[in-house]
Structures are given as structure tokens and as C-alpha cells.
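Spelled out from the first residue to the last, the chains are:
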Amino acid sequence: MSNEPHFSPDADRSQTPDINQAPDITKVAALIGDAARANMLIALLGGKALTATELAAEADITAATASSHLKKLTDAHLVIAQKQGRHKYFQLRSREIAEFLETLLNVSAAVEHSRTNTGPKDPALRHARVCYDHLAGEVGVGLLDALKSSGVLIEQDQQLLLTPSGRELFNSLGADVGSLEKLRRPVCKNCLDWSERRHHLAGSLGQWVLQDILNRGWARKDLDSRVIRFTPEGLQALRKRYALTHQFA
């Protein structure tokens, strides 16, 4: 008698997952797979609400075509629309959508083997930019490196954690860490940087840091792109506050 196991085609059928019950990822893939819609979604990664006319310019299409694309994106709950006065503004529905798009940018860059450089061609975008609501680019990566080197943040079980000394530091800088901890999103989180291919700081603390930078006038957002432009004095103040040692280009 053979000792090999015998499997009945009907055995444990009740335990086999029904793939028809899984979410249909092809619908989202088809929506993002269109070049015009992809360009509009990437434009919204800056976290700022944009009009259909502005998004049409980003995608290099007519306003009528943009409106048609935006209806599909809002119907699919990837984008939300808000009317203010005579204008309608569009935004990404959530941070999760933004993180998903940033991940796709990283994956897409990785599979395009012919390219030597990763990320955006614009040096200003590579230097510092908004990743939905936190700082990305070379400065963002340098900031996270400095926070980990000084023991403000640590890696544990592939998670980024705020240390007791880090909590004390940020409270002294004006962040209400206790309130940040009550939010549904993580206080601090690694986010893979599209251009640097290393992590920058996301989470509610990452959002606070960027807003603090802007409030202090150390940098400003470009009106028509994701670029964050630091003043020389602002970059020096950032270095001093967070003990940055990275030499930026």
C-alpha cells in the first residue's frame, strides 16, 4: 500500500477561500492605470485641494476630459470633492490612498531598470517636497536619520517608535504628544521615500514637524507643485533643532 497522502478534490472545500468574495482590485487598478488619471492623483499627493482646471493642466488634457476622469475617481471613492463658492475642489480621500500611491511610485521606479536615477527629475522635488502631509525628499530622509541617531526614535520589530527622551523633546518643542497618541493614525511611521529609496518620517508626528516648519517660516510650499522651499536660515534652524548632520546638495 502506498504511503503517499491522498487528497480528495472535495476535501476541506468549506475551508478554501472563495476568491470571488475578495475585493475586486482590477477596478482600482484600471482607474489608476490611465495616464491622465494617474497624473491627477500624483498632483493631489501634495495634500492641497485642486480644481478640475488645475488638474487638467497637470494631466495635459481638456477641462471637460478632466471632469469625466474626476467623476470616475470620486465615484470610486479615491477622491473627494468639495464646493466652495463657484469652485469645486478635489482632494485624495485619505492618507491611506496617498500612501498607496507613494508605494506605487516606488514600485514603478524599481521595475524600470533602464533608469539610473530614481524619483523626480526636478532637483527641487528631490531636495524637499510634501508627501501628502509630511516632509519627504533628501531633507525628510536626513531628518529621520538624525532623529534615530540621537535616540529620539528607535526601530523595534520593524516599527518606528518614539522614545521617552523623544517624547520629552517634542513636548518641549510645542508638540502635544499625548494628543497625537490619541489619534487613530500612528504617532510615527516609516514611509519609503520615492527619490531617496530610504525612509522619511510619516505619522501624526511627521505631520506636526512639517506644519511646525511652515509655521515658523523656515520653508514654504510651492503653489503649483509638491516642492517645499527652505530659506537658508530655515534650513540652518532645522539643522540646529534636530541635530542634522547630512550635507544637502
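Now for a description of the structure that goes with this document.

What counts and what doesn't
Residues numbered from 1 in each chain as written. Predicted model: local features only at pLDDT ≥ 70, side-chain atom pairs only at ≥ 80, totals over all residues. Heavy atoms only, no water. Helix = DSSP H or I, 4+ residues; strand = E, 2+ residues; numbered from the N terminus. Buried < 20%, exposed > 50% of the residue type's maximum accessible area, 1.4 Å probe, protein only. Contact = heavy atoms within 4.5 Å.

### Quick notes on unusual backbone geometry
Of note in the backbone geometry, Arg-197 takes a positive phi value of approximately 60° without being a glycine. Examined against the element boundaries, Arg-197 turns out to sit in the loop between strand S8 (189-192) and strand S9 (199-202). Exposure remark for Arg-197: the relative accessible area of 31% places this residue in the partly exposed category. One non-glycine residue, Ala-243, lies in positive phi territory at about 55°. The topology assignment puts Ala-243 in the segment after helix H11 (232-242). Ala-243 gets classed as partly exposed once you look at its relative accessible area, which sits at 46%.

### Section: the environment of Ile-97
Along the polypeptide, Ile-97 turns up in helix H5 (residues 95-111). Judged by its relative accessible area of 11%, Ile-97 is buried. When the C-alpha atoms of Ile-97 and Leu-78 are compared, they prove to be 6.8 Å apart, with 19 residues separating the residues in sequence. The residues touching Ile-97, leaving out its near neighbours within four places in the chain, are Leu-78 and Leu-92.

### Observations regarding the environment of Ile-61
Here Ile-61 is to be found in the loop between helix H3 (52-59) and helix H4 (63-75). Sequence spacing of Ile-61 and Ala-36 is 25 residues, and the spatial spacing of their C-alpha atoms is 7.4 Å. Residue contacts for Ile-61: discarding those within four places in its chain leaves Ala-36, Ala-56, Ala-66 and His-69.

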